[in-house]
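Examination of the molecular architecture
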Amino acid sequence: MKRKGAFYLLILVTGLWTTTACSQDLSRSRAEHLITDSQDFKSPLNMRLLVGSFWAGPDYYNKPAWLKTLEQNGVLTYRESGRTSLFQREAFIDLTPFGKDESKTWAVLNKDFNSKGMERLSAVLYSIPVAQRRFKQVTGIRLDPGGKGATVDYEFVWVPTSEKAFKGLVNPDALSEHAKFELYDDGWRLAPKDPRPEWAR
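So, on to helix 4 (residues 65–72). Turning to helix 4, its buried residues are Leu67, Thr69 and Leu70. Angularly, the buried residues of helix 4 cover 160° about the axis, an arc narrow enough to put them on a single face. Facing away from the buried side of helix 4, by more than 90 degrees, are the exposed residues Ala65 and Gln72. Considering only its buried residues, helix 4 is in contact with strand 1 (45–56), strand 2 (76–85), strand 3 (88–95) and helix 6 (163–166). With its phi angle positive at about 80°, Gly74 sits one or two positions after the end of helix 4.

Glancing now at the side chain of Ser53. Along the polypeptide, Ser53 turns up in strand 1. Residue classification places Ser53 among the buried positions, given a relative accessible area of 16%.

A word on the pattern of salt bridges. For the structure on display, the rule yields seven salt bridges. Across the salt bridge formed by Lys63 and Glu71, the nearest N and O atoms sit 2.7 Å from each other. The partly exposed category is assigned to Lys63, whose relative accessible area is 30%. Glu71 gets classed as partly exposed once you look at its relative accessible area, which sits at 22%. Where Arg89 meets Glu80, a salt bridge forms, and the shortest distance between an N and an O atom there is 3.5 Å.

Another point: the nonpolar core. Most often, soluble globular proteins keep nonpolar side chains buried together rather than apart. With 41 residues, the main nonpolar core has Ile93 and Phe181 as its most contacted residues. No other element matches the eight residues that strand 5 (residues 121–143) contributes to this core.

The next subject is the side chain of Asn73. Inspection of the secondary structure puts Asn73 in the loop between helix 4 and strand 2. A distance of 2.8 Å separates a polar side-chain atom of Asn73 from the backbone oxygen of Ala165. Within the local environment of Asn73, its side chain forms a polar contact with the backbone oxygen of Lys167, the two atoms lying 3.0 Å apart. For Asn73, the residues in contact, after removing those within four places along its chain, are Phe98, Lys164, Ala165, Phe166 and Lys167.

Let us look at the pairing of strand 2. Along any regular strand, the residues point their side chains to alternate faces of the sheet. Sheet topology note: the strand 2/strand 3 ladder contains seven bridges and is antiparallel. When the sheet's bridge partners are listed, Glu80 is paired in strand 3 with Ala91. In sequence, strand 2 turns back onto strand 3 through a hairpin of two residues, with Leu86 there showing a positive phi of about 55°.

Quick look at the packing of aromatic side chains now. With the rule as written, the count across this model stands at ten aromatic pairs. Measuring from centroid to centroid gives 5.5 Å for Phe135 and Tyr154, while their planes differ by 15°, and the two rings are stacked. One end of the pair, Phe135, is in strand 5; the other, Tyr154, is in strand 6 (residues 149–160), with 19 residues separating them in the sequence. Following the ring pairs from residue to residue traces out a cluster consisting of Phe41, Phe135, Tyr154, Phe156 and Trp158. Sitting over the ring of Phe156, Arg133 keeps its end group 5.5 Å from the ring centre. If you follow Lys164 out to its NZ or CZ, it ends over the ring of Phe98, 4.7 Å from the centre.

Next up on the list: unusual backbone geometry. In this structure, Asn62 is a non-glycine residue whose phi angle is positive, near 60°. Position of Asn62 among the secondary structure elements: in the loop between strand 1 and helix 4. With a relative accessible area of 69%, Asn62 lands in the exposed category. Phi is positive for Lys63, close to 55°, though the residue is something other than glycine. Summarising the element assignment, Lys63 is placed in the loop between strand 1 and helix 4.

Conventions adopted
Residues numbered from 1 in each chain as written. Predicted model: local features only at pLDDT ≥ 70, side-chain atom pairs only at ≥ 80, totals over all residues. Heavy atoms only, no water. Buried < 20%, exposed > 50% of the residue type's maximum accessible area, 1.4 Å probe, protein only. Helix = DSSP H or I, 4+ residues; strand = E, 2+ residues; numbered from the N terminus. Arc of directions from axis to C-beta. Contact = heavy atoms within 4.5 Å. Salt bridge = Lys/Arg side-chain N within 4 Å of Asp/Glu carboxyl O. Core = buried A, V, L, I, M, F, W, Y, C linked by side-chain atoms within 4.5 Å. Polar contact = N/O pair within 3.5 Å; in protein donor to acceptor, adjacent residues only side chain to side chain. Pairing = 2+ DSSP bridges. Phe/Tyr/Trp six-rings, centres within 6.5 Å; stacked < 30°, edge-to-face > 60°. Lys NZ or Arg CZ within 6 Å of the ring centre and 35° of its normal.

What follows is the structure, given as structure tokens:
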């Protein structure tokens, strides 16, 4: 009977040791789960778009690539009236029927955006989620001295939220990023991102 009790105690101790040991080990699958489950990774790539009449600055001259892409994808039309004010041009962006349907999921930042110029013009300012991150792979894990922190290098790609509307807006190549982790008594956690730029840290 004593042998049986000792056997169960050995199993219990072994199980506890295994659990503790596993919590100290940051595996690639665990790192991937924590990264992809974070709000930062889930946040889409947003772009702002004026729809209506507005005074266009140099960014719109000769149609920038993003504007040409949205036109080619059948989302909108862009034209200029020929009038100028304060080195700006009067411009119009109108949504196509397809664009209007797509805009149902866009966030309105300002329903009456007034661009500065000789004459008051009004447009709607949208925030558009054009792409979402898709995780590719963990490329490396570096433990900090002492083993209480780690840096995980990984790759991801931007995937258009609407293939038809936003194809060609984002770079389809894999991008490299890194994430910081901290070890707690219950295991590894994703460390908060430092809002400062790299050079100021």
